[in-house]
Amino acid sequence: MTPLLRLTGIRKVYPSITANDGVDLEVLPGQIHAVLGENGAGKSTLMKIIYGVTAPDEGRIEWQGDPIQIKNPAHARALGVGMVFQHFSLFETLTVVENIALAVPGSLSLLSQKIRDAAQQFGLDIQPDARVQSLTVGQRQRVEILRCILQRPKLLIMDEPTSVLPPAGIAQLFVTLRALAAEGIGILFISHKLDEIRELCDVATILRAGRVTGRVSPREETRQSLARMMIGRDLPPIQITPPTVSGDAFLEVANLSFRPDDPFAATLKGVTLSVRAGEIVGIAGISGNGQDVFTRLLSGETTLLPSDANSVRLNGEGIGHLGPGVRRRLGLNFVPEERLGRGAVPAHSLSKNSLLTTFERGLTQLGLIKRRDLRNVAHRTIEDFDVRCGGTEAEARSLSGGNLQKFIVGREIAQAPKVLIISQPTWGLDVGATAAIRQRLVALRNQGTAVLIISEEIDELFEIADRLHVMFRGLLSPSVDRATTDLDHIGLAMAGDFGHLQTVHVREEISAS
Ligand code: ATP
């Protein structure tokens, strides 16, 4: 069978790193081909070469048997290559259907119907008229997936498509991908989730530091053997000791209701929560159920009227009316789910990005920046969190997705805040980095920080959270002790059925302590 795509000796050099170094890869029609590798291994670079975003410095590309130079993404699409990116390429001010119309021909009404049909078929839950601006990261990803599928490509590249899909959505996506493969479409699938790769993919090519280190049939491998090939060692298990919760709640939210301006965003209804020093509280739930509105109210990006200040309290003080800068000064740090734009300024160096949230910790004097100290702070984050990059002056946007995530999370953990609110902490991280960040969050909680994690990864919450809530359509369930609940009950709650949860009464515990 003639391969759909054959790459031979692909090399791409950036000023500080060789991202691809003699990569060979072949995708057959109907094959689901995984590309695996640790953060910064060169997977996205290789996909950008195939999609015509970046030109290789050396190497040969053949498309359906003929040598070709893929000039740009439009050329790639004309050949029949579709791609779902890790960083989204949607226009924020346009609606879902208007965005898709830029790539798929047809009237808006016809297209809206096609979107509704495909969304229903694949369980992607998207309204064609919703403005992209108002969508969460998870929803935006669903739009990207839909846009690709509607273009009926011959080769579909999916760069971590499942990272923010709920389990049922992943199962449905896999059904879709298998159906597309059965029609002869080749699929290149990048994921850090080894079990998904074992379940879905026919072949896996493994990259380490830009070079191919293995080509295996993932169904014949174990999670451990795949991890070893990727990161070159065995994974240490996460060490978790029971929490030692102290005193009153550090962060409290009391009966918070909030209707955002955006008609498509969930309205919060009477949300009550407390996170005490020395514990990790997790919020499970499918994105789009109010998590974004809620985290903005906690971080101070959205403020309440002074009369409602007590709805959000930090160590007993009402802070609901205060902006993010003041909250940070009081010891509340926040990591948003969007790495680029909200967590970091893409065109700024890592040093400058450190300054954004650390400047009040002795990095300025008489209004001037202490540049050497700043570089030292950025350097320590890079070293401590194993951020693979071109140094403290590398632009945030030049980092691989996972490495930027490590930098942003590391920047906040390193400040040892009183309260850390963190959204999707390990999104896009490889298995080694995921374990390392989870271990650091546990260490932070052991030092007495109150940690609130909002995550779509139920496994993550079951691994490190002490108590769990579930958010559904703007409602927050009461909290449950992780040790006394199970995946089934949380799964039911994620679909709106809170009745099976064995709740813990934290308020009574607080008053007793
Ligand atoms: P992740 O799993 O974190 O997404 P990846 O395997 O997809 O990682 P790439 O994004 O391909 O990794 O990055 C490979 C290397 O190339 C990284 O070290 C990255 O910093 C570097 N790199 C990528 N794009 C650029 C660029 N435009 N300028 C400089 N360096 C770059």
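### A short note on the overall build of the protein chain
So, point 1. A tally of regular secondary structure across the protein chain gives 17 helices and 23 strands.
So, point 2. The C-alpha radius of gyration of the protein chain comes to 23 Å, within 12% of the 24 Å expected for a compact globule of 513 residues.
So, point 3. Viewed in the frame of its principal axes, the protein chain has a C-alpha envelope of about 70 × 55 × 45 Å.
So, point 4. The buried share among the 513 residues of the protein chain stands at 54%.
So, point 5. Residue pairs at least 24 apart in sequence account for 66% of intrachain contacts in the protein chain once pairs closer than 6 positions are excluded.
So, point 6. A total of about 21,400 Å² of accessible surface is found on the protein chain, and carbon and sulfur atoms cover 50% of it.
So, point 7. Separation of charge centres in the protein chain, based on 55 positive and 56 negative side chains, amounts to 5 Å.

### Side note on the nonpolar core
So, point 1. Within the largest apolar cluster, 47 residues are counted, with the highest numbers of intra-cluster contacts made by Leu-36, Ile-100, Leu-146, Leu-156, Leu-177, Ile-187 and Phe-189.
So, point 2. Apart from residues lying up to four places away in sequence, Ile-100 is in contact with Leu-111, Ile-115, Val-143, Leu-146, Arg-147 and Leu-150.
So, point 3. In terms of nonpolar packing, the next biggest core, distinct from the first, is built from 38 residues, Leu-404, Val-442, Ile-453 and Leu-501 among them.

### Brief notes about helix 9 (residues 291–299)
In an α-helix, one full turn covers 3.6 residues, which means residues spaced three or four apart are oriented alike.
So, point 1. When you tally the buried positions in helix 9, you get seven out of nine residues, the bulk of the element.
So, point 2. Among the residues making up helix 9, those that are buried are Gln-291, Val-293, Phe-294, Thr-295, Leu-297, Leu-298 and Ser-299.
So, point 3. Downstream of helix 9 by one or two residues, Gly-300 has phi in the positive range, about 100°.

### Digging into the pairing of strand 19 (residues 419–423)
So, point 1. For strand 19, the tally of buried residues reaches five of five residues, placing the bulk of the element in the interior.
So, point 2. Neither face of strand 19 is left uncovered, since the one carrying Val-419, Ile-421 and Ser-423 and the one carrying Leu-420 and Ile-422 both have all their residues buried.
So, point 3. Two strands pair when backbone bridges link them, and strand 16 (residues 332–335) and strand 19 are joined in this way by four bridges, in the parallel orientation. Across the sheet, the residue bridging to Asn-333 is Leu-420, located in strand 19.
So, point 4. For the handedness criterion, the β-α-β arrangement of strand 19, helix 14 (residues 431–446) and strand 20 (residues 450–454) is classed as right-handed.

### Structural notes on the sheet that holds strand 5 (residues 66–67)
So, point 1. Overall, antiparallel pairing links the four strands, which are arranged 2-1-4-5 in an open sheet. Either end of the sheet is taken by a strand with one partner, and the two such strands are strand 2 (17–27) and strand 5.
So, point 2. Alignment of strand 1 (residues 5–14) against strand 2, held across eight bridges, turns out to be antiparallel. Residue pairing across strands places Tyr-14 opposite Ile-17, the latter belonging to strand 2.
So, point 3. Sheet strands in contact with helix 1 (residues 43–50) are strand 1, strand 2 and strand 4 (58–63), and its direction is about 120° off that of strand 1.

### Notes on the site of the ligand
So, point 1. Near the ligand, the surroundings consist of 19 residues, among which Gly-40, Lys-43, Ser-44, Thr-45 and Ser-400 are the closest.
So, point 2. At a separation of 3.0 Å, an oxygen atom of the ligand approaches a polar side-chain atom of Asn-39.
So, point 3. At 2.8 Å from an oxygen atom of the ligand is found a side-chain nitrogen or oxygen belonging to Ser-44.
So, point 4. Protein burial of the ligand: of its 640 Å² of free accessible surface, 87% is covered by the chains.
So, point 5. Of all elements in the fold, only strand 2, helix 1 and helix 13 (401–413) reach the threshold of two or more residues within the shell around the ligand.
So, point 6. Residue composition of the shell around the ligand, grouped by class: five nonpolar, twelve polar and two charged.
So, point 7. Both domain 1 (5–231) and domain 3 (342–416) contribute no fewer than three residues apiece to the shell around the ligand.

### A word on the domain arrangement of the protein chain
So, point 1. Its domain assignment divides the protein chain into domain 1 (5–231), domain 2 (246–331 + 418–512) and domain 3 (342–416).
So, point 2. Taking the mean C-alpha position of each, domain 2 and domain 3 sit 25 Å from one another.
So, point 3. In this complex, domain 2 contributes 22 residues to the contact, which on the side of domain 3 involves 13 residues.
So, point 4. Interface area for domain 2 against domain 3, summed over the two sides, is near 1,400 Å², with a carbon-plus-sulfur share of 53%.
So, point 5. Looking at the side of domain 2 facing domain 3, the largest losses of area belong to Arg-328, Ile-437 and Arg-440, adding up to 37% of the total buried there.
So, point 6. One salt bridge connects Asp-292 with Arg-342, and the closest N-O pair in it is separated by 3.6 Å.
So, point 7. Our enumeration of links across domain 2 and domain 3 arrives at five residue pairs in polar contact (both at pLDDT 80 or more).
So, point 8. Residue assignment for the side of domain 2 that touches domain 3 shows that the elements contributing at least two residues are helix 9, helix 10 (324–329), strand 19 and helix 14.
So, point 9. By residue number, the principal contributor to the side of domain 2 that touches domain 3 is helix 14, which donates five residues.
So, point 10. For the side of domain 2 that touches domain 3, the class distribution of residues is nine nonpolar, six polar and seven charged.

What counts and what doesn't
Residues numbered from 1 in each chain as written. Predicted model: local features only at pLDDT ≥ 70, side-chain atom pairs only at ≥ 80, totals over all residues. Heavy atoms only, no water. Helix = DSSP H or I, 4+ residues; strand = E, 2+ residues; numbered from the N terminus. Rg over C-alpha atoms; globule rule 2.2 N^0.38 Å. Buried < 20%, exposed > 50% of the residue type's maximum accessible area, 1.4 Å probe, protein only. Contact = heavy atoms within 4.5 Å. Areas by Shrake-Rupley, 256 points an atom, 1.4 Å probe, with all protein chains shown as cover. Lys, Arg positive; Asp, Glu negative; His and termini not counted. Charge placed at Lys NZ, Arg CZ, Asp CG, Glu CD. Core = buried A, V, L, I, M, F, W, Y, C linked by side-chain atoms within 4.5 Å. Pairing = 2+ DSSP bridges. Right-handed = clockwise from strand over helix to strand, strands pointing away. Axes fitted to C-alpha atoms, helices over the stretch in contact; angles between N-to-C directions. Near = heavy atom within 4 Å. Polar contact = N/O pair within 3.5 Å; in protein donor to acceptor, adjacent residues only side chain to side chain. Nonpolar A, V, L, I, M, F, W, Y, C, P; charged D, E, K, R; others polar. Domains from an automatic or database assignment. Buried area = accessible area lost by both parts, 1.4 Å probe. Salt bridge = Lys/Arg side-chain N within 4 Å of Asp/Glu carboxyl O.

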